[in-house]
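# Per-entry structural report
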Amino acid sequence: MLCDVTTPQDLDDRFRETLAALPAAERRRDPADPVTDDAPLTGAQLLEMFDAQVTSRQLDLAGRWLRSFGEGFYTIGSAGHEGNAAVAAALRPTDPALLHYRSGAFYCVRATQTAATSFEPPADDEPPAEPPAEPAESEPAESGPAGSAPPTGGFAPYAQAARDVLRGMVASSQEPIAGGRHKVFGRADLAIVPTTSTIASHLPRAVGMGLAVERLRRMDSAGRRTASGVRVGSGAGATHAPWPPDAIVVCSFGDASVNHASATAAFNTAGWYDHAGLRIPVLFVCEDNGLGISVRSPEGWVEATLRSRPGIHYFTADGGDPVQAYAVAAEAAAWVRRHRRPAVLHLRTVRLMGHAGADAELAYRTPGELAADLDRDPVVATARLLADAGLATGEELLARYDETGWQVRRLAEEVLGEPKLGSAAEVVSALAPRRPVRVARAVADAAARASGPGAGARAEAFGGKPPELAGPLTLAQSINAALADGLLDHPQMAVFGEDVAAKGGVYGVTKGLRDRFGAARVFDTLLDETSVLGLGLGAGLAGMLPVPEIQYLAYLHNAEDQLRGEAATMQFFSQGAFRNPMVLRVAGLAYQEGFGGHFHNDNSVAVLRDVPGLVVAVPARPDDAAPMLRTCLASAAVDGSVCVFLEPIALYHTRDLYADGDGEWLAGYPEPGAWVAGHVPIGRARVYRVGSADDLTIITFGNGVRMSLRAAAVLAEEGVGTRVVDLRWLAPLPVADIIRESSATGRVLVVDETRRSGGVGEGVIAALVDAGYVGAARRVAGVDSFVPLGPAARHVLVSAEAITDGARTLLAR
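Residues numbered from 1 in each chain as written. Predicted model: local features only at pLDDT ≥ 70, side-chain atom pairs only at ≥ 80, totals over all residues. Heavy atoms only, no water.

With that settled, consider the overall build of the protein chain. Within the protein chain, the regular secondary structure consists of 26 helices and 23 strands. The globule rule puts the C-alpha radius of gyration for 813 residues at 28 Å, and the 30 Å found for the protein chain is close to it. Roughly 29,800 Å² of accessible area belongs to the protein chain as shown, and the carbon and sulfur atoms make up 53% of that amount. The distance from the centre of the 75 positive side-chain charges to the centre of the 96 negative ones in the protein chain is 7 Å. (Helix = DSSP H or I, 4+ residues; strand = E, 2+ residues; numbered from the N terminus. Rg over C-alpha atoms; globule rule 2.2 N^0.38 Å. Areas by Shrake-Rupley, 256 points an atom, 1.4 Å probe, with all protein chains shown as cover. Lys, Arg positive; Asp, Glu negative; His and termini not counted. Charge placed at Lys NZ, Arg CZ, Asp CG, Glu CD.)

Moving on to the environment of Glu 671. Locating Glu 671 in the fold gives a position in the loop between strand E17 (642-648) and strand E18 (686-690). Overall, Glu 671 belongs to the partly exposed group, its relative accessible area being 47%. Between the alpha carbons of Glu 671 and Pro 157 there is a distance of 58 Å; along the sequence they are 514 residues apart. (Buried < 20%, exposed > 50% of the residue type's maximum accessible area, 1.4 Å probe, protein only.)

Right, let's talk about the sheet that holds strand E21 (residues 729-731) for a bit. Read across the sheet, seven strands follow the order E13-E12-E14-E15-E17-E16-E21 without closing on themselves; strand pairing throughout is mixed. For this open sheet the edge positions go to strand E13 (522-524) and E21, each flanked by a neighbour on one side alone. On average, each strand axis in the sheet is tilted by 20° relative to the strand beside it, whichever way the strands run. Across the sheet, helix H18 (residues 529-541) touches strand E12 (493-497), strand E14 (545-550) and strand E15 (582-588), and the angle it forms with E14 is around 170°. (Pairing = 2+ DSSP bridges. Axes fitted to C-alpha atoms, helices over the stretch in contact; angles between N-to-C directions. Contact = heavy atoms within 4.5 Å.)

Bringing the confidence of the model for the protein chain into the picture now. Predicted confidence across the protein chain gives a mean pLDDT of 90, with 92% of residues reaching 70 or more. Segment residues 124-149: pLDDT under 50, and 41 contacts once partners within four positions in sequence are set aside and those in other chains are kept. This model gives residues 222-239 a pLDDT under 50, and the stretch forms 43 contacts once residues within four places in sequence are excluded. (pLDDT = per-residue confidence, 0-100.)

This part covers the layout of surface pockets. Considered as a void within the structure, the largest pocket measures approximately 790 Å³ in volume. Around the largest pocket sit 32 residues that line it, and Tyr 591, Gln 592, Glu 593, Arg 706 and Arg 794 are the ones nearest its centre. Those elements giving two or more residues to the lining of the largest pocket turn out to be helix H23 (703-717) and helix H26 (800-811). Per-class residue counts for the lining of the largest pocket are 16 nonpolar, nine polar and seven charged. (1 Å grid on protein atoms, 1.4 Å probe; cavity = no way out; pocket = protein on both sides within 12 Å on 5 of 7 lines; lining within 4 Å. Points joined across faces, edges and corners; volume = space filled by probe spheres on them. Nonpolar A, V, L, I, M, F, W, Y, C, P; charged D, E, K, R; others polar.)

Pairing is mixed across the open sheet formed by five strands, whose spatial order is E18-E20-E19-E22-E23. Looking at strand neighbours, the two that pair on one side only are E18 and strand E23 (776-782), the edges of this open sheet. The mean angle between the axes of side-by-side strands here comes to 20°, regardless of whether they run parallel or antiparallel. Relative to strand E20 (residues 722-726), E18 is paired through five bridges, and the arrangement is antiparallel. The residue bridging Arg 689 from the neighbouring strand is Arg 723, located in E20.

As enumerated under the stated definition, the model contains 13 aromatic pairs in all. Arranged with centres 5.9 Å apart and planes meeting at 55°, the rings of Phe 253 and Phe 267 form a pair that is tilted. Taken together, the residues Phe 253 in strand E6 (residues 249-254) and Phe 267 in helix H7 (residues 261-275) connect sequence positions 14 residues apart. The residues Phe 253 and Phe 267 share a single accessibility class, namely buried. Ring-pair connections join several aromatic residues into one group, and the members of that group are Tyr 507, Tyr 552, Tyr 555 and Tyr 652. Note that Arg 409 overlies the ring of Trp 65, its terminal NZ or CZ placed 4.0 Å from the centroid. Sitting above the plane of the Trp 675 ring, Arg 630 keeps its charged end 4.1 Å from the centroid. (Phe/Tyr/Trp six-rings, centres within 6.5 Å; stacked < 30°, edge-to-face > 60°. Lys NZ or Arg CZ within 6 Å of the ring centre and 35° of its normal.)

With that out of the way, let us pick up the environment of Pro 788. Looking at where Pro 788 falls in the secondary structure, it is placed in the loop between E23 and H26. Those residues within four positions of Pro 788 in sequence are excluded, and the remaining contacts are Gly 597, Ala 793 and Val 796.

So this is what it looks like as structure tokens:
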């Protein structure tokens, strides 16, 4: 049969015709027996798999029906990929899964695995057991007559899964994972982590999850292992790993995704760690239908790409053959579980009904190609196998199909009446919860532990000389001490990145931490920012408190989507059921003397401020750096916050403020007893008053703080009193402090070391306008340029002299 396009009606009609024509077997097979002599599946398991596949198919048809009258908002379906039901059946329900958007059948199977079903994957890390021996030829197996009924089953076990998916399609606020914010496959009780539709962006996270699962599994288990997972430590943030110690991570994706940079990074990182002897138990599943929307994967390309990945074991199966798919998936899962090493299952599939509802396939595919895909329909293949084995007739299977279709349509009509998200407040409620009182309490608890029961360990970690006794510290030294205190207080915390361990960081900020806390908690990574962030995302999801480092701000731009599309959306798309706490340290901003160019003096922070829910901290002074870092760590542990701790490189080792040798930029490190009084809440600024502080308000951050204080000293000699406001937090901005300090003088000079276009200053001015500020305002900002090498940088960056001149111009109005 040739066709111009595979419509829902075409697919349904073809399915019915095929099942009606299936011949009845001569005798019934006992559902407890293997489907065929050498099959690892019993008849009962295959019937359940068929029901899961049919439920997924009917959900796809319902999605198109809902869209036809404007009530369905998502039509990317799973038709043709229902072979992934066999993958789900071969896994354990406690194996965390990050799923491709064509995973309807997988989701249906996983939803039933916690209930009483026949799906029981092989235990004890062994391959599938051999099927029971067939009776001898002289002793035929008992079987019912050809007309006896197949085992009961059908739609009932999949009803909740179907309701979940339908609620996602109609954007119901009662959808269990995203609450109407997006159509995703995910549920915490099913260990299915929701993923975005960004191609391959979830693969780096999967590698990070695998590394974290194995790290937690290998920890000293004395007194800390429980039946449900691994409890790490007993101090702040003591946690249970969400999955059993022998869990493996499964991550599925489409064939076109193998070409994406994120996928390449994930495969490379998994292989790199495997080559280095570190174990990452991840099973990648590539569902290969040969197309990326309309772009074909060249024949043999996907297989060649996957086979060539060093350190990743290759398995392949036909997704249209449920017996083979199950057997190979079980073998692959057992291999990963036993060896704790990465593997990829290349599952060949077809795509039916196009990429999505609006896709006109005839524009890029021939009728013959569409017909060939219909001939490989995996649900038909399962039905044919059931009929050939004598487990059901075509008529009986069609009755199950129709019953499921009726039930799915009934549920679709029910969820149509459910409420949608009704306000902006409802939409953002799950985005980034802020509980400042609990965060402050966590800081207080950390102080109590550090000065109480943890005092001995703290003294030992600092070699008998804690930082509060070390005299005035630089910014870099203060951050180093705060990281050490964080590692002491948060047993699940890990510091990692390029050059952070053996070298102690390019600027020495992490110097000595590996020696004090060990290579399991402070370690070097390969040189790939996407992978560094992916490791952090996975580690946070697994119950750790990751503190990755990006060596330079300019290097972050290679990997921004891991923050925007993955990290910041996790709580948004899971209503807080999943979270990936993280404190990302980034060395950045300009003003390095004698070094750099734009890659080492990058001042582009607009992309960070644009990410909803992201916390962006910029400590300028040593006495701010430690409490701000403690706040970020506490917020990540308490609220699951994703924080970027942007450290001004040029201030790392700065000692002086006004004159050489004055030591005015150094500061003492507070003892634990002073941590509560010195707590810095997210979104609160710091104000310096110079002279009367009545004439001018300068609002700035980072390097601008030091330059503005120097300018304020010059202005003071001219009789001008200035208050310098250090924002400290670029997201969220300290709006209340901005308004209060601006209104106090009626003259505001915004000093923005980033760029005039898209810089922080635009946000400050907008906040003033929104608040109805009526005083004078002016900006001094960096030029819209990359930062050049050497003395030329002075022409495009803000200087203390430019600030002084800008203030004089403002005061002259």
